[in-house]
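# Report on the structure
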Protein chains: 2
Amino acid sequence: MTERDTVRTLAHPEPDEIRLEGVLHALSDPVRLSIVRDLAATEAELSCSHFDLPVTKSTTTHHFRVLRESGVVRQTYRGTAKMNGLRRTELQTLFPGLLDSVLEAAAAEGARLGAPGAPLT
Amino acid sequence: MTERDTVRTLAHPEPDEIRLEGVLHALSDPVRLSIVRDLAATEAELSCSHFDLPVTKSTTTHHFRVLRESGVVRQTYRGTAKMNGLRRTELQTLFPGLLDSVLEAAAAEGARLGAPGAPLT
DNA sequence: CCCGTCCTACGACGGTTCTCGTACGATGGG
DNA sequence: CCCATCGTACGAGAACCGTCGTAGGACGGG
């Protein structure tokens, strides 16, 4: 990394090109929201293939592209793998508290729907 | 209001039927986000015709229905007019802080895009 | 009772999205 | 050098979305 990513770079929107509507739309799909939640659960970057999604690889590529083009995630190549990281800082600067609220809301809904017993441990 | 809305009732989702994805999707359209912002700017309920939207009445009806069916607004008839109010309490209970974050983000983006000079007065 | 206003229903259209399968390029290990 | 792995590109189809126009129903005022 750091300087070894000269080849195969990917286009990302600048902070001032990130649109709230685009971010909300990106997060309004269950598959993509699940990706973002997994990404938010760790500080590390995760490869596309790390995710266990109920769609094919083609569709996975599509969803990651939507997330990247809306400015939610940053993607960098690492050998054959493509690593994904949340653009926390930019999003926090543009829309303070928004990402956290959505993640908390997703967690709340997940607990409400998938675990009525509320597993705390 | 209070008890005069016996006729012509509209179907609204219960709090436990409101889905985060649905709310985010409802808010990801510029017209609908504009409606929600206007609604949030006042405590009063507003009629559909009060809004000055760049679409026809048919489309306006469609957008209000999306907002109602996703659980974002509550609609009640008042004579020939249909009044619209944000479901602040339910949303705050289900997804604490989410609505506020989105509204702040929309305001921030509006200031960033529409008013680079930042009109404060 | 009639009419104007407000909103809805229905049908339609064009565009976008989500999904897939298959075929293809890029990288790194043996 | 070959091959396995990872991701992409390119169709392609089904579904959905945003938009409109027209026609029609409900309400309130004169």
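Look up a bit, the structure's there.
Residues numbered from 1 in each chain as written. Chains lettered and ligands numbered in written order. Predicted model: local features only at pLDDT ≥ 70, side-chain atom pairs only at ≥ 80, totals over all residues. Heavy atoms only, no water.

It is worth spelling out the overall build of chain A at this point. In terms of helices and strands, chain A carries five helices and three strands. Each helix (α) and strand (β) of chain A, taken in turn from the N terminus, gives the series α-α-β-α-β-β-α-α. Scored against the burial criterion, the 121 residues of chain A give a buried share of 43%. When the accessible surface of chain A is summed, it comes to about 6,900 Å², and 53% of that surface belongs to carbon and sulfur atoms. (Helix = DSSP H or I, 4+ residues; strand = E, 2+ residues; numbered from the N terminus. Buried < 20%, exposed > 50% of the residue type's maximum accessible area, 1.4 Å probe, protein only. Areas by Shrake-Rupley, 256 points an atom, 1.4 Å probe, with all protein chains shown as cover.)

With that out of the way, let us pick up the interface of chain B and chain A. Contact with chain B, which involves 26 residues of that partner, is made by 26 residues of chain A. Taken together, both faces of the contact between chain B and chain A bury some 2,000 Å²; the carbon and sulfur share is 64%. Three residues, B:E21, B:L24 and B:R112, lead the burial of chain B against chain A; their summed loss comes to 25% of the area buried on that side. Those elements giving two or more residues to the side of chain B that touches chain A turn out to be α1 (20-27), α2 (30-40) and α5 (98-114) of chain B. Of the residues forming the side of chain B that touches chain A, the biggest block, ten residues, is contributed by α5(B). Among the residues making up the side of chain B that touches chain A, the classes are represented as 16 nonpolar, four polar and six charged. (Contact = heavy atoms within 4.5 Å. Buried area = accessible area lost by both parts, 1.4 Å probe. Nonpolar A, V, L, I, M, F, W, Y, C, P; charged D, E, K, R; others polar.)

The next thing to look at is the nonpolar core. Generally speaking, nonpolar side chains in soluble globular proteins are found buried as a group. Grouped together as the largest cluster of nonpolar side chains are 59 residues, with contacts concentrated most on A:V72, A:F95, B:V72 and B:F95. Apart from the residues lying within four places of it in its own chain, the contact partners of A:V72 are A:V23, A:A26, A:L27, A:V36, A:L67, A:G85, A:L86, A:R87 and A:L91. (Core = buried A, V, L, I, M, F, W, Y, C linked by side-chain atoms within 4.5 Å.)

Throughout the structure, instances matching the rule amount to seven salt bridges over all chains. Between B:E43 and B:R88 there is a salt bridge, and its shortest N-O distance comes to 4.0 Å. Here B:E43 is found in the loop between α2 and β1 (46-47), whereas its partner B:R88 is found in helix α4 (residues 88-94), with 45 residues between them in sequence. For B:E43, a relative accessible area of 69% corresponds to the exposed category. In this structure, the salt-bridge partner of B:R112 is B:E109, at a minimum N-O distance of 3.5 Å. Of the two residues, B:R112 and B:E109 both sit in helix α5, three residues apart, roughly one turn of that helix. Owing to a relative accessible area of 28%, B:R112 belongs among the partly exposed residues under this scheme. Ionic contacts of the salt-bridge type, sharing partners, join the residues A:R74, A:R87 and A:E90 into one network. (Salt bridge = Lys/Arg side-chain N within 4 Å of Asp/Glu carboxyl O.)

This next bit is on the environment of A:R65. Residue and element names in this part refer to chain A. Mapped onto the fold, R65 is located in helix α3 (residues 57-69). A residue is classified by how much of its surface remains accessible, and R65, at 41% relative accessible area, is partly exposed. C-alpha of R65 to C-alpha of Q75: the two residues are ten residues apart in sequence and 9.1 Å apart in space.

Near DNA strand D lie 23 residues; those nearest to it are A:S49, A:T61, A:K82, B:T56 and B:H63. When atoms of DNA strand D within 4 Å of the protein are sorted by moiety, sugar and phosphate together comprise 71%. Taking B:S58, its side chain carries an N or O atom lying 2.9 Å from a base oxygen of DNA strand D. Contacts to DNA strand D include B:H63, whose side-chain N or O atom sits 2.4 Å from a phosphate oxygen. Those elements that provide at least two residues to the surface near DNA strand D are α3 and β3 (81-86) of chain A together with α3 (57-69) of chain B. The residue inventory of the surface near DNA strand D, partitioned by class, reads four nonpolar, 13 polar and six charged. (Near = heavy atom within 4 Å. Polar contact = N/O pair within 3.5 Å; in protein donor to acceptor, adjacent residues only side chain to side chain.)

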